[in-house]
Amino acid sequence: MALQAQEILKKYFGYDEFRPQQEEIIQKVVSGKDVLVLMPTGGGKSMCYQVPALMREGTCIVVSPLISLMKDQVDALKTNGIAAAYLNSSQSYKQQQDILEACYKNEIALLYVSPEKLISELAMITQMTRPSMFAIDEAHCISAWGHDFRPEYIQLGLLRNRFPDIPFVALTATADKVTRKDIIKQLDLKNPETFISSFNRKNLSLDVRIGIKPKQKMAEIISFIKGHKEESGIIYCMSRSRCEEVASSLNDAGITVAFYHAGMSADSRSKVQEDFLNDEVQVVCATIAFGMGIDKSNVRWVIHFNLPKNMEGYYQEIGRAGRDGLPSETILYYNYADLQMLNKFAAESGQSEINLEKLKRMQNYAEADICRRKILLNYFSENLEENCGNCDICHNPRQHFDGTVLVQKALSAIARMNEKEGATMVIDVLRGSMKAEVVEAGYDKLKTHGAGAGISAFDWQRYLMQMLNLGILEMAYDENFALKITDYGKHILFGQRRAELTILPVLQTKEKSKAARVPAKSNQEDALFDELKRIRRQFSVEEEVPAYVIFSDTTLREMAKYRPVTYRDMLTITGVGEHKLEKYGKTFMATIDEFMRR
Ligand code: ADP
Ligand code: ZN
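Being a predicted model, the structure only gives us computed values, none of them experimental. (Residues numbered from 1 in each chain as written. Chains lettered and ligands numbered in written order. Predicted model: local features only at pLDDT ≥ 70, side-chain atom pairs only at ≥ 80, totals over all residues. Heavy atoms only, no water.)

Undergrad: Tell me what's going on with the domain arrangement of the protein, and back it up with residues and numbers.
TA: Considered domain by domain, the protein is made up of domain 1 (2-196), domain 2 (204-395), domain 3 (400-502) and domain 4 (514-597). Its C-alpha centre places domain 2 at a distance of 31 Å from the equivalent point of domain 3. Taken together, the 15 residues of domain 2 in the interface contact 13 residues of domain 3. Roughly 1400 Å² of surface becomes buried between domain 2 and domain 3 when both sides are summed, with 63% attributable to carbon and sulfur atoms. At the surface where domain 2 touches domain 3, the tally comes to zero salt bridges. Counting across the interface, domain 2 meets domain 3 through two residue pairs in polar contact (both at pLDDT 80 or more). Of all elements in the fold, only helix H14 (336-348) and helix H15 (352-367) reach the threshold of two or more residues within the side of domain 2 that touches domain 3. (Domains from an automatic or database assignment. Contact = heavy atoms within 4.5 Å. Buried area = accessible area lost by both parts, 1.4 Å probe. Salt bridge = Lys/Arg side-chain N within 4 Å of Asp/Glu carboxyl O. Polar contact = N/O pair within 3.5 Å; in protein donor to acceptor, adjacent residues only side chain to side chain. Helix = DSSP H or I, 4+ residues; strand = E, 2+ residues; numbered from the N terminus.)

What follows is the structure, given as structure tokens:
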């Protein structure tokens, strides 16, 4: 063991210090122990196996589910001067043989491989590589309780038995308690130590906007973006068509925007990513696939145009904002129609029970009337003692009232319609509508017809959502979303129990902009930063790797600030290791030097 962990961090990655827990995890793995690592996206999981891989004899086998990400990760390692390769079925037989040969000659420190490839050719791969350790990335994929179950992960369970003496590192960004236990069981980890980093990202504000109509939503978003000039942001949408629609509305409003979804060719998708990374488009409208593995540190805001399916996805998506630690905003739009749609998807999915339950937790979050960060962290088994002060509820605390009578009106109407109708009809009846459907069904004759005329349809919708959330009502997604009264609801209807509701918060329109949220940088620094990005771009095109593989934004920012023009100074910049110094240092220093002479 020639180099110590700390030296490796500096020499290869150009970083001075480990982040919390990284070093401890690395020591455990190097000494042969199994570990489970739970860190939020961007937390620095890869370091936890990449450093040990350079400290142990043999090849570290990294199991990774996404072939497209594999290539980027390997490219990133190579630009740091680390011998890495990947194996997957897109390669020719010859290419695969060459790689295995190189492993055999001890020339590869890390080999990335998809789970199906590893399992189907286990004997050959392990004979050639003599594994030093296994790293199972995205380990939650092995659990049916996780949010992204992949059947091909299941077979990884046989590895532990087959290789009793080498360490396993399981890594994930999203695993609740149940999933965590399941990962350990499925992978058969030996007395693993579990490391959980804090999921609290204090710099992200949390805001939920309930029941906003589509047209107003669009107008709000446009004005929000115009108030955030030149600040990158992502809008997540439920469907491909919605992505394109939103992008087109923003485009009409004069905003530079692109859309990104799985229906596009790989080429157009990487073009969008690239343009976004290089700040050539300000906004990307995307489905959930966008942002996986991209390392853009200056995303200033994330908007959810629709409700996400689960908390894991939501957390991961908002987590793409503010990786540089500067204040960033997140907004979630939530309405009844989305909830209906998602309930339907979940009910029809392969694992309806789990997916419905996960959706329910998402709904609870969106409808919460206590500090949202508490709920969010609680979901990841973390407790926050104090209210966060950076969410819409902390800014605008909710109050309650005795809603028994109001609830009884709704329940009575629902009961008289034999629990056969959905929310829209229930609201029409409560408000005394004389619409054709109402009259045809004879609902205008009901005693409760018009009993809730004093409350607007919009507010009724929000009250019904509260009742769903409180377990007073249930939605029968398999009966056209008919509203049903639960046992608890019946107690309220018959006056045996009372119902406490939340006073509906007044929806304010979003303020246009917050001045000086992000510390101002000098124009000079910005100009040099742009110049450095241009150089980075040239390298990235030449080498056919994403820009961040060359240098991250944070690294370029530091260069623009400190303007290193000697090798020694250049090495002090975060993210500049010896290999990158040799490869790119000269060009970047020349650019800086020239800039300063102007
Ligand atoms: P994830 O947990 O999402 O896999 P990564 O391993 O990709 O995160 O790390 C996110 C970013 O943080 C990368 O750019 C990585 O190089 C950087 N990073 C990791 N560890 C450190 C460290 N100790 N100091 C500085 N930057 C680090
Ligand atoms: Zn809060």
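Undergrad: Summarise the coordination of the zinc ion (ligand 2); cite the residues concerned and give the values.
TA: In this structure, Cys 371 (SG), Cys 388 (SG), Cys 391 (SG) and Cys 394 (SG) serve as the protein donors to the zinc ion (ligand 2), at separations of 2.3 to 2.4 Å. Around the zinc ion (ligand 2), the four donor atoms are arranged such that angles at the metal cover 100 to 119°; this shape is classified as tetrahedral. For the zinc ion (ligand 2), the single-chain donor residues occur in sequence as C-x16-C-x2-C-x2-C. A relative accessible area of 25% means that Cys 388 is categorised as partly exposed. (Donors = N, O, S within 2.8 Å, 3.2 Å for Na, K, Ca; no water. Tetrahedral: all angles 85-135°; square planar, octahedral: opposite > 155°, others 65-115°. Buried < 20%, exposed > 50% of the residue type's maximum accessible area, 1.4 Å probe, protein only.)

Undergrad: Provide a residue-level description of the packing of aromatic side chains, including the pertinent values.
TA: Under the counting rule described, the total for this entry stands at 13 aromatic pairs. Each ring, one from Tyr 314 and one from Tyr 365, has its centre 5.1 Å from the other, and the planes form 50°; the classification is tilted. You can see Tyr 314 sitting in helix H13 (residues 311-318) and its partner Tyr 365 sitting in helix H15, a full 51 residues away along the chain. Of the two residues examined, Tyr 314 and Tyr 365, each falls in the buried class. Pairing Trp 460 with Tyr 463 gives two aromatic rings, centres 6.3 Å apart and planes at 75°, and the pair type is edge-to-face. You can see Trp 460 and its partner Tyr 463 sitting in helix H21 (residues 457-469), three residues apart, about one turn around the helix. By the burial criterion, Trp 460 is buried, and Tyr 463 matches it. Among the aromatic side chains, those forming a connected cluster through ring pairs are Phe 539, Phe 551, Tyr 584 and Phe 588. Note that Arg 372 overlies the ring of Tyr 365, its terminal NZ or CZ placed 5.8 Å from the centroid. (Phe/Tyr/Trp six-rings, centres within 6.5 Å; stacked < 30°, edge-to-face > 60°. Lys NZ or Arg CZ within 6 Å of the ring centre and 35° of its normal.)

Undergrad: Describe the sheet that holds strand E10 (residues 257-260), and please don't skip the residues or the numbers.
TA: With respect to topology, six strands assemble into an open sheet ordered E8-E13-E12-E9-E11-E10, the strand pairing being parallel. Lying at the two open borders of the sheet, with one neighbouring strand each, are strand E8 (204-210) and E10. Averaged over neighbouring strand pairs, the angle between their axes works out to 15° when direction is ignored. Of the strands in this sheet, strand E9 (232-236), E10, strand E11 (283-286) and strand E12 (299-304) are in contact with helix H12 (residues 266-277), which crosses E10 at around 140°. (Pairing = 2+ DSSP bridges. Axes fitted to C-alpha atoms, helices over the stretch in contact; angles between N-to-C directions.)

Undergrad: Just give me the short version of the site of ligand 1, but keep the residues and values in it.
TA: Of all residues adjacent to ligand 1, which total 14 residues, the nearest are Tyr 15, Glu 17, Gly 42, Lys 45 and Ser 46. Lys 45 is positioned with one of its side-chain polar atoms (N or O) 2.7 Å from an oxygen atom of ligand 1. Between ligand 1 and Ser 46 there is a distance of 2.6 Å, counted from an oxygen atom to a side-chain nitrogen or oxygen. Taken by itself ligand 1 offers 560 Å² of open surface, and the protein chains cover 76% of this. When grouped by side-chain class, the residues that make up the shell around ligand 1 number four nonpolar, six polar and four charged. (Near = heavy atom within 4 Å. Areas by Shrake-Rupley, 256 points an atom, 1.4 Å probe, with all protein chains shown as cover. Nonpolar A, V, L, I, M, F, W, Y, C, P; charged D, E, K, R; others polar.)

Undergrad: A description of the side chain of Ser 540 should follow, citing residues and the corresponding values.
TA: Note on placement: Ser 540 falls in helix H23 (residues 523-543). In terms of polar contacts, Ser 540 uses its side chain to reach the side chain of Glu 274, at 3.2 Å. Excluding residues within four positions of it along the chain, Ser 540 makes contact with Glu 274, Val 545, Pro 546, Ala 547 and Ile 550.

Undergrad: Lay out the environment of Ile 210 in plain terms, naming residues and giving numbers.
TA: With respect to the helices and strands, Ile 210 occurs in strand E8. Its relative accessible area of 16% is what places Ile 210 among the buried residues. In sequence terms Ile 210 and Ala 366 are 156 residues apart; their C-alpha atoms lie 7.9 Å from each other.

Undergrad: Hey, could you go over the state of the cysteines for me, with residue numbers and the actual values?
TA: All told, the structure shown has zero disulfides when counted by the stated rule. The cysteine Cys 141 is free of any disulfide, with Cys 60 supplying the nearest cysteine sulfur at 18 Å. Overall, the relative accessible area of 1% leaves Cys 141 in the buried class. (Disulfide = S-S within 2.5 Å.)

Undergrad: Mind laying out the packing of H13 against H15, listing which residues take part and the relevant values?
TA: Remark: H13 packs on H15, axes separated minimally by 8 Å, with the N-to-C direction vectors making an angle of 55°. The orientation of H13 relative to H15 falls into the category oblique. Touching Met 311, Glu 312 and Tyr 314 of H13 are Lys 358, Arg 361, Met 362 and Tyr 365, all from H15. Here the contact of H13 with H15 is composed, by residue class, of four nonpolar, no polar and three charged. (Parallel < 35°, antiparallel > 145°, perpendicular 65-115°, else oblique.)

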